[in-house]
Amino acid sequence: HLESGTIRVGCFTSVAIQWLPGMIQTFLRDYPGIEFDLHCSDDQKEMEKLVRRGDLDCGFFVLPVKSELETIPLKRDPMLIVLPKDHPLAEAPNFPISALSEQPYIELNEGDFSEMRDLFAQYGAKPKTSLTVQNGHAVMALVSNGFGFSILPELILHGTTFPLICKELETPAFRELAISIRSRETASAATLKFLDCVRQWLQDHYQ
């Protein structure tokens with residue numbers, strides 16, 4: 001039913017900040033009786049389990065999704081090097097792959113799943129990790145104060161007020177964002193309508 005009910009949505013920080021307010025606002029214009037219950041976590045493995053178990057109706061993920069869920073790819077999100085404004089490479093056209101192993105690195109701890117660690121492995125680089133923190137905004141604060149460089153998705157950097165330089169790698173890197181449900185057969189009508197809303201909202205805002 002679309003007159004009332006609750007959609008339980010799992011999401012990570014950058015989606016919760018940058019996408020969900022607009023998506024939910026758009027959805028509620030057509031279905032004002034629906035309520036949303038948001039579960040925010042950067043632990044992808046745990047969120048996959050919650051969707052698979054039915055505790056969440058849908059969840060936003062970074063591909064690949066390892067569970068047997070129905071998954072819809074949404075958007076490619078650039079991974080950017082984040083530097084303080086006075087960094088020696090601040091004026092360079094891009095960030096050299098070789099510098100990944102040479103410069104002090106501030107790591108965002110994402111638990112077992114980390115697209116940043118995967119990126120280092122992809123380029124055969126070993127980070128000189130100087131600090132490890134749990135929050136993306138704490139990473140930005142440390143970088144802006146000159147403690148080192150970091151790697152963050154463009155989505156979380158949108159609208160930041162920290163004084164930072166954001167650069168592509170010498171070979172640009174991306175993460176693929178998606179939304180998953182357990183199955184269309186078990187999903188509620190409201191959840192399926194929300195999936196349509198998510199895709200339409202992204203088309204309207206990223207064309």
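Use the structure listed above.
Residues numbered from 1 in each chain as written. Predicted model: local features only at pLDDT ≥ 70, side-chain atom pairs only at ≥ 80, totals over all residues. Heavy atoms only, no water.

**Quick look at unusual backbone geometry**
Right, so step 1: Cis peptide bonds are those with omega within 30 degrees of zero, and the linkage from Leu-63 to Pro-64 qualifies with 5 degrees.
Right, so step 2: Structurally, the position occupied by Pro-64 is in the loop between strand E3 (58–62) and strand E4 (70–84). (Helix = DSSP H or I, 4+ residues; strand = E, 2+ residues; numbered from the N terminus.)

**Re the nonpolar core**
Right, so step 1: Phe-95, Leu-100, Phe-149, Ile-151, Leu-152 and Leu-169 are the most contacted members of the largest nonpolar core, which totals 32 residues.
Right, so step 2: When contributions to this core are tallied by element, the ones reaching two or more residues are E4, strand E5 (104–108), helix H4 (115–122), helix H5 (136–144), strand E7 (150–153) and helix H6 (154–157).
Right, so step 3: Here Leu-169 is in contact with Ile-81, Asn-94, Phe-95, Ile-97, Leu-100, Leu-119 and Tyr-123, once residues within four sequence places are set aside.
Right, so step 4: Val-9, Cys-11, Val-62 and Ala-187 belong to the second largest nonpolar core, which has 29 residues in total. (Core = buried A, V, L, I, M, F, W, Y, C linked by side-chain atoms within 4.5 Å. Buried < 20%, exposed > 50% of the residue type's maximum accessible area, 1.4 Å probe, protein only. Contact = heavy atoms within 4.5 Å.)

**Remarks on the pairing of E7**
Right, so step 1: Where burial is concerned, the two faces of E7 agree: the one with Ser-150 and Leu-152 and the one with Ile-151 and Pro-153 are both buried.
Right, so step 2: Taken together, the 4 bridges between E4 and E7 define a ladder with antiparallel strand orientation. Its bridge partner lying in E7, Leu-80 is registered against Leu-152. (Pairing = 2+ DSSP bridges.)

**Things to note about H4**
Right, so step 1: Along H4, the residues that are buried comprise Glu-115, Met-116, Leu-119 and Phe-120. Each buried residue of H4 lies within a common arc of 145 degrees when the element is viewed along its axis, so the set occupies one face.
Right, so step 2: The inward-facing, buried residues of H4 abut E3, E4, E5, E7 and strand E9 (173–181).
Right, so step 3: Gly-124, located one to two residues past H4, shows a positive phi value of around 65 degrees. (Arc of directions from axis to C-beta.)

**Describing the pattern of salt bridges**
Right, so step 1: Taken as a whole and assessed by the stated rule, the structure comprises 8 salt bridges.
Right, so step 2: Residue Glu-107 pairs with Arg-117 through a salt bridge whose shortest N-O separation is 3.3 Å. Residue Glu-107 is located in strand E5, and its partner Arg-117 is located in helix H4; the two are separated by 10 residues in the primary sequence.
Right, so step 3: Take Arg-117: its relative accessible area is 36%, and that puts it in the partly exposed class.
Right, so step 4: The salt bridge partner of Asp-196 is Arg-199, with a shortest N-O separation of 2.8 Å. With Asp-196 and Arg-199 both in helix H7 (residues 189–205) and 3 residues apart, this pair spans about one turn of that helix.
Right, so step 5: Take Arg-199: its relative accessible area is 32%, and that puts it in the partly exposed class. (Salt bridge = Lys/Arg side-chain N within 4 Å of Asp/Glu carboxyl O.)

Worth remembering: the numbers are spatial, not functional.
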